[in-house]
Amino acid sequence: MKKAKIVLDKDYIISSIDPRIYGSFIEHLGRAVYGGIYEPGHPQADGQGFRRDVLEMVRKLNVPVVRYPGGNFVSGFNWEDSVGPADRRPKRLDLAWFTTETNAVGLHEFADWAEKADTQVMYAVNLGTRGPGKNCLPGAACKCDRPDHYA
Amino acid sequence: MIAPIITREGGGCWPQTIYWPFFHVSKYGRGKALRAIVNSPVYDCADYEGVPLIDAAAVQDDEGNVTVFCVNRDMKEDFELEIDLRSFGDLKFENTTGAVS
């Protein structure tokens with residue numbers, strides 16, 4: 001049998017491990033959101049349509065932060081489409097993956113999911129079809145109790 | 001397809017194979033990263049020569065637990081692996097590979 005040896009020493013430390021390297025990512029792509037974490041009508045779905053069984057599996061991974069909503073998706077995403085009364089949100093053609101984005105799951109819904117998943121959100125901004133200016137408001141929208149004001 | 005969790009519409013959800021390495025490093029790979037000195041036979045591949053067959057990363061957490069994450073790149077043979085832990089004093093061995101908690 002082949003042999004190998006590893007030497008470890010308690011004083012030979014590379015660095016402290018930042019827990020954020022165990023972060024993850026959820027994009028509006030394929031079945032990650034719709035049909036993945038979100039499926040209203042599923043037997044395990046909670047009041048917001050988020051699957052409890054999936055949440056339990058995510059919590060076990062002890063993920064401290066999740067990047068959202070993309071990825072390529074975010075480069076064509078207008079965050080204003082995803083806040084405010086759900087029945088007034090526009091359906092958009094997602095230019096990254098050529099699907100229809102219903103915006104049923106938006107910023108606030110995902111923030112709620114993150115809280116249930118015991119994780120934080122690393123919110124990615126659209127620098128594809130728009131510049132930094134229009135992306136500034138999400139920070140305000142997330143703290144504002146009148147999100148429809150910005151819609 | 002690259003996600004660790006697979007769902008079925010109206011059905012169950014289950015872990016892909018990649019769920020488990022992530023689960024284990026997330027659970028045990030916290031604290032301080034240790035410099036692992038690896039002494040191993042090597043192999044040559046298309047781009048590199050002398051690649052060690054054993055790859056390892058090690059961690060000591062705040063409670064003093066030491067975890068070694070190890071991969072045997074040899075496609076055919078098992079290895080007998082010796083790990084020198086003298087500097088840590090008294091340690092009890094706990095093999096957590098495959099254990100779910």
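None of the values given here were measured: they were computed from a predicted structure.

Undergrad: Would you mind showing me how to read the overall build of chain B here?
TA: Across its full length, chain B holds one helix and nine strands. Reading the secondary structure of chain B in the N-to-C direction produces β-β-α-β-β-β-β-β-β-β. Its C-alpha radius of gyration of 17 Å places chain B more than 25% over the 13 Å reference for a compact globule of 101 residues. Principal axes of the C-alpha set define a box for chain B whose edges measure 50 × 40 × 20 Å. Here chain B holds 101 residues, and the buried ones make up 27% of them.

Undergrad: Just to check I follow, could you spell out helix H2 (residues 107-116) of chain A for this structure?
TA: The α-helix winds at 3.6 residues per turn, so residues separated by three or four positions along the chain end up facing the same way. All names here are of chain A. By the burial criterion, the buried members of H2 are Leu107, Glu109, Phe110, Trp113 and Ala114. Down the axis, H2 shows its buried residues gathered within 160° of arc, on one side only. Of the residues trailing H2, Asp118 is marked for its positive phi of about 60°.

Undergrad: I would appreciate a short explanation of the interface of chain B and chain A in the present structure.
TA: Often the size quoted for an interface is simply the accessible area lost on bringing the parts together. Every contact between the two is made by 51 residues of chain B and, on the other side, 35 residues of chain A. Around 3900 Å² of area is buried between chain B and chain A when both sides are counted, 61% of it from carbon and sulfur atoms. One can count four salt bridges joining chain B with chain A. The salt bridge partner of Lys2 of chain A is Glu77 of chain B, with a shortest N-O separation of 3.9 Å. Counting across the interface, chain B meets chain A through 27 residue pairs in polar contact (both at pLDDT 80 or more). Of all the secondary-structure elements, those providing two or more residues to the side of chain B that touches chain A are strand E1 (5-7), strand E2 (13-15), helix H1 (19-28), strand E3 (32-34), strand E4 (37-39), strand E7 (54-60), strand E8 (66-72) and strand E9 (79-84) of chain B. Considering each element in turn, the side of chain B that touches chain A owes the most residues, six residues, to E9 of chain B. By residue class, the composition of the side of chain B that touches chain A is 29 nonpolar, 11 polar and 11 charged. Alignment of strand E2 (residues 13-16) of chain A against E3 of chain B, held across three bridges, turns out to be antiparallel. Bridging from a neighbouring strand, Ser15 of chain A pairs with Ala33 of chain B of E3 of chain B.

Procedures and definitions
- Residues numbered from 1 in each chain as written.
- Chains lettered and ligands numbered in written order.
- Predicted model: local features only at pLDDT ≥ 70, side-chain atom pairs only at ≥ 80, totals over all residues.
- Heavy atoms only, no water.
- Helix = DSSP H or I, 4+ residues; strand = E, 2+ residues; numbered from the N terminus.
- Rg over C-alpha atoms; globule rule 2.2 N^0.38 Å.
- Buried < 20%, exposed > 50% of the residue type's maximum accessible area, 1.4 Å probe, protein only.
- Arc of directions from axis to C-beta.
- Contact = heavy atoms within 4.5 Å.
- Buried area = accessible area lost by both parts, 1.4 Å probe.
- Salt bridge = Lys/Arg side-chain N within 4 Å of Asp/Glu carboxyl O.
- Polar contact = N/O pair within 3.5 Å; in protein donor to acceptor, adjacent residues only side chain to side chain.
- Nonpolar A, V, L, I, M, F, W, Y, C, P; charged D, E, K, R; others polar.
- Pairing = 2+ DSSP bridges.

Such coordinate-based values are descriptive only and should not be taken to indicate function.
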